[in-house]
Amino acid sequence: MSVNQLLPFFSTAIMLVFTVYVLQRYFVRRAPYFLFWGIGLAMFGVGSFAEAYLSLTWNKWVFFAWYLFGAALNAGWIGHGTLYLLTRKKWVHGVTALLILGSLYAGYLMLQAMPKLDEAVFTPKKLISEQYGTKVLEPGETPPAGAQTQTTTYRGEQVTAVRGILPLGTSVRLTTPFFNIYGLLTLVGGAIWSAYLFWRKRVLPNRVIGNVLIAAGALSIGFASTLTRLGYGQLLYIGELIAAVLMFAGFLTAARPQPTEEPQPVKVALAVK
Amino acid sequence: MDEANRQERMSALRQKSHIPQQSMFFEKIVPLLLIVMGIIMAGLVLFAAGVLLGIVRF
């Protein structure tokens, strides 16, 4: 087993502690942002665990969990928690309904893809992020060494493609950009915005630093996911580990109680408007 | 004496909950980081939009 294949085990452990930490806060304070963060972080952890599992052996339902929770949904759910934190407007409930319906629809599409999975392509020797998708080769492009290719008709054209577990044109793959765009804008944008507000007011430096760390962590996984789409899936696991470490460190830093002039109940939150 | 101590303690606490004056980190590095991260975020969003619109093939 390579070092790269070991990384998801560490990510899973960090995300487990992080998720429990956040959900404990939800059960104490009942704030919806803790709930959405907790669910999103749990999805991240499930994705990492699935990667760890798939580095040992194949299971199609673990692959289902990896793609749905790890690749598609988690960023959107974590980011939605940040939206709840930053705005208390009623329209956020409408977005919540859309997020839930969209997630159910993505789950339905993933279920539809399950009988079509090309399981014969799977090998535990390669990272799942390097073998999940079927990729059309451009004219003149040579396939990577050891890759299995197929010639097939796709969108009315005869194409040569590197075989992957999810066949060409799998609809569920089109849902991931929606969740990832939403997650990036709300999670990274929200953290940058919060950091800026504290920085501008010249208060709570711990929350400035915490939000910078959270944004950097979220960008790390966003960047690694983008590279995975481009065919550089070997960087995904290190991107996830960096994201897990930075986001947890950011959360702990931002949530650290600050000394105040007047005695008052300890107020702990990731950020406030 | 007690009052002087109290005021000194309050002053120290106030400094801890405020961004330090003339800090290179908070004056230069933090704003730069926020701008750079905003640009990277915009780039990643554009890429994902490109996938959705079929401009980026996968």
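So, a few notes on the structure that sits alongside this text. A quick note: this is a predicted structure, and the numbers were derived from the prediction, not measured.

**Regarding the overall build of chain A**
Item 1. Regarding its fold elements, chain A presents eight helices and three strands.
Item 2. In chain A, the succession of helices and strands from N to C terminus is α-α-α-α-α-β-β-β-α-α-α.
Item 3. The burial tally for chain A puts 50% of its 273 residues in the buried class.
Item 4. Restricting to contacts in chain A with at least 6 residues of sequence separation, those with at least 24 account for 68%.

**Topic: the overall build of chain B**
Item 1. Scanning chain B from terminus to terminus reveals two helices and zero strands.
Item 2. Across the 58 residues in chain B, those meeting the buried criterion constitute 12%.

**Remarks on the nonpolar core**
Where a protein is soluble and globular, its nonpolar side chains tend to be buried together.
Item 1. Judged by nonpolar contacts, the single largest core of 88 residues is most densely connected at A:V188, A:A195, A:A215 and A:A218.
Item 2. Secondary structure elements with two or more residues in this core: α1 (3-29), α2 (32-54), α3 (60-86), α4 (91-113), α6 (172-201), α7 (205-229) and α8 (236-255) of chain A together with α2 (24-53) of chain B.
Item 3. Ranked by residues supplied to this core, first place goes to α2(A) with 16 residues.
Item 4. Setting aside its immediate chain neighbours within four residues, A:A195 contacts A:V208, A:N211, A:V212, A:A215 and B:L34.

**With respect to the pairing of strand β3 (residues 157-162) of chain A**
On a regular strand, each side chain points to the face opposite its neighbour's, so the side chains alternate between the two faces of the sheet.
All names here are of chain A.
Item 1. Sheet topology note: the strand β1 (residues 135-136)/β3 ladder contains two bridges and is antiparallel. In the strand pairing of β3, V136 is matched with A161.
Item 2. As paired elements, strand β2 (residues 149-154) and β3 share six bridges and run antiparallel to each other. Bridge pairing in β3 links T152 to V159.
Item 3. Counting the residues that bridge the hairpin from β2 to β3 gives two residues, and of these R155 lies at a positive phi of roughly 55 degrees.

**A few points about the interface of chain A and chain B**
Item 1. Every contact between the two is made by 31 residues of chain A and, on the other side, 24 residues of chain B.
Item 2. Listing elements by their share of the side of chain A that touches chain B, those giving two or more residues are β1, α6 and α7 of chain A.
Item 3. Along the lines of polarity and charge, the residues of the side of chain A that touches chain B split into 20 nonpolar, seven polar and four charged.

**Regarding the sheet that holds β1(A)**
Item 1. Taking strand neighbours across the sheet as the criterion, the three strands line up as β1-β3-β2 (chain A) in an open arrangement whose pairing is antiparallel. Strands at the two margins of the open sheet, each flanked by one partner only, are β1 and β2 of chain A.

**Re α6(A)**
Residue and element names in this part refer to chain A.
Item 1. Here α6 contains 30 residues, and its C-alpha end-to-end distance of 43 Å stays within 8% of the 44 Å for a straight helix at 1.5 Å per residue.
Item 2. Counting buried residues along α6, 22 of its 30 residues qualify, which places the element largely inside the surrounding structure.
Item 3. Looking one or two residues past α6, R202 carries a phi angle of roughly 65 degrees, positive in sign.

**What to know about α2(B)**
Item 1. Helix length check: α2(B) (30 residues) gives 43 Å between terminal C-alpha atoms against 44 Å at 1.5 Å per residue, within 8%.
Item 2. At B:V30, α2(B) shows its largest bend, some 25 degrees, and a proline, B:P31, comes one to four positions later.
Item 3. Among all positions in α2(B), only B:V30, B:L34, B:M37, B:M41, B:L44, B:F47 and B:A48 are buried.
Item 4. Structurally, α2(B) contributes buried residues whose contacts are with α6 and α7 of chain A.

**What to know about the environment of A:R207**
Item 1. Tracing the sequence through the fold places A:R207 in helix α7.
Item 2. For the pair formed by A:R207 and A:Y182, sequence separation is 25 residues and the distance between their alpha carbons is 23 Å.

**Notes on the packing of α3(A) against α6(A)**
Residues and elements named next belong to chain A.
Item 1. Relative orientation of the contacting elements α3 and α6 amounts to 35 degrees, with a least axis distance of 7 Å. Crossing geometry of α3 relative to α6 is assigned as left-handed. Contacts between α3 and α6 involve A71, A72, L73, A75, G76, I78, G79, H80, T82, L83 and L86 from the first element and T175, T176, F179, N180, Y182, G183, L184, T186, L187, G190 and A191 from the second.
Item 2. Each residue belonging to the contact of α3 with α6 can be placed in one class, and the counts come to twelve nonpolar, ten polar and no charged.

Conventions we followed
Residues numbered from 1 in each chain as written. Chains lettered and ligands numbered in written order. Predicted model: local features only at pLDDT ≥ 70, side-chain atom pairs only at ≥ 80, totals over all residues. Helix = DSSP H or I, 4+ residues; strand = E, 2+ residues; numbered from the N terminus. Buried ≥ 20, exposed ≤ 12 C-beta atoms within 10 Å, placed from the backbone. Contact = placed C-beta atoms within 7 Å. Core = buried A, V, L, I, M, F, W, Y, C linked by C-beta atoms within 7 Å. Pairing = 2+ DSSP bridges. Nonpolar A, V, L, I, M, F, W, Y, C, P; charged D, E, K, R; others polar. Expected span 1.5 Å × (residues − 1). Bend = angle between axes of the 7 residues up to and from the residue. Axes fitted to C-alpha atoms, helices over the stretch in contact; angles between N-to-C directions. Left-handed = near helix turned anticlockwise from the far one by under 90°.

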